[in-house]
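# Examination of the molecular architecture
Chain residues, written in single-letter form:
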Amino acid sequence: MGNVILRAVLCFETWTLEPDREPDAEPTTYAMQCAVDGDTSPPSQDFAEPQEWVLKHCGKNPSHGTYREIITRPWRSWIGT
Ligand SMILES: [Zn+2]
């Protein structure tokens with residue numbers, strides 16, 4: 001009975017990663033999330049809109065006083081430098 005030999009070949013490439021500033025990049029968007037109940041504003045390219053959502057949300061829920069800002073920023077990666 002022969003021995004079974006397993007070999008794994010791992011190939012390491014040099015990857016570069018950076019924020020995507022190309023003209024066809026997805027837009028950066030902002031949203032706000034209530035840290036009390038998890039309710040989240042619609043994402044917007046204008047950060048003022050989620051802030052207005054917060055003012056309405058805490059107006060309806062006076063005990064909800066903490067929020068998270070969620071920023072979605074496009075990135076791109078490629079092999080090489
Ligand atoms: Zn809330």
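Residues numbered from 1 in each chain as written. Predicted model: local features only at pLDDT ≥ 70, side-chain atom pairs only at ≥ 80, totals over all residues. Heavy atoms only, no water.

### Description of the packing of aromatic side chains
The condition is simple: The rule is short: rings of Phe, Tyr and Trp, with Trp giving its six-membered ring, pair when the centres are within 6.5 Å, and they are stacked under 30 degrees, edge-to-face over 60, tilted in between. The way it works is that DSSP assigns letters per residue, a run of H or I at least four long becomes a helix, a run of E at least two long becomes a strand, and they are numbered from the N terminus. Three labels apply to residues, based on accessible area from a 1.4 Å probe with only protein chains included: buried if under 20% of the type maximum, exposed if over 50%, partly exposed otherwise in between.
According to the stated counting rule, one finds two aromatic pairs in the structure shown. Both rings, one in Tyr30 and one in Phe47, keep their centres 6.0 Å apart while their planes meet at 75 degrees; by these two values the pair is edge-to-face. Here Phe47 lies in the loop between strand 2 (29-34) and helix 1 (48-60) and Tyr30 lies in strand 2, a separation of 17 residues in the sequence. Looking at Tyr30, the relative accessible area reads 22%, which means it is partly exposed. Its relative accessible area of 48% is what places Phe47 among the partly exposed residues. Here Trp53 and Tyr67 contribute two aromatic rings whose centre-to-centre distance is 6.5 Å and whose plane-to-plane angle is 90 degrees, an arrangement assigned as edge-to-face. With Trp53 in helix 1 and Tyr67 in strand 3 (residues 67-72), the pair connects residues that are 14 residues apart, well separated along the chain. Look at Tyr67 and you get partly exposed, because its relative accessible area is 22%.

### With respect to the side chain of Ser44
Here is the rule we go by: A 3.5 Å cut-off defines polar contacts: any pair of N or O atoms within that distance qualifies, except that in protein one atom must be a possible hydrogen donor and the other a possible acceptor, and neighbouring residues in sequence count only when both atoms are side-chain atoms. Any two residues whose heavy atoms approach within 4.5 Å are treated as being in contact.
Residue placement: Ser44 occurs in the loop between strand 2 and helix 1. Overall, Ser44 belongs to the buried group, its relative accessible area being 8%. Polar side-chain contacts of Ser44 include one of 2.9 Å to the side chain of Glu49. Those residues in contact with Ser44 that sit more than four places away from it in its chain are Thr28, Thr29, Tyr30, Glu49 and Pro50.

### Points about the pattern of salt bridges
Condition: Each salt bridge in this description consists of a side-chain nitrogen of Lys or Arg and a carboxyl oxygen of Asp or Glu lying within 4 Å of one another.
A complete count under the given rule lists two salt bridges for this structure. For the salt bridge of Glu18 with Arg76, the shortest nitrogen-to-oxygen distance reads 3.1 Å. You can see Glu18 sitting in strand 1 (residues 15-19) and its partner Arg76 sitting in strand 4 (residues 75-79), a full 58 residues away along the chain. Residue Arg76 is classed as partly exposed on the basis of its relative accessible area of 27%. In this structure, Glu22 engages Arg76 in a salt bridge whose closest nitrogen and oxygen atoms are separated by 3.6 Å. Taken together, the residues Glu22 in the loop between strand 1 and strand 2 and Arg76 in strand 4 connect sequence positions 54 residues apart. According to the relative accessible area criterion, Glu22 is partly exposed, its value standing at 37%. What emerges from the salt-bridge pattern is a single network uniting Glu18, Glu22 and Arg76.

Remember, this is a structural readout, not a statement about activity or role.
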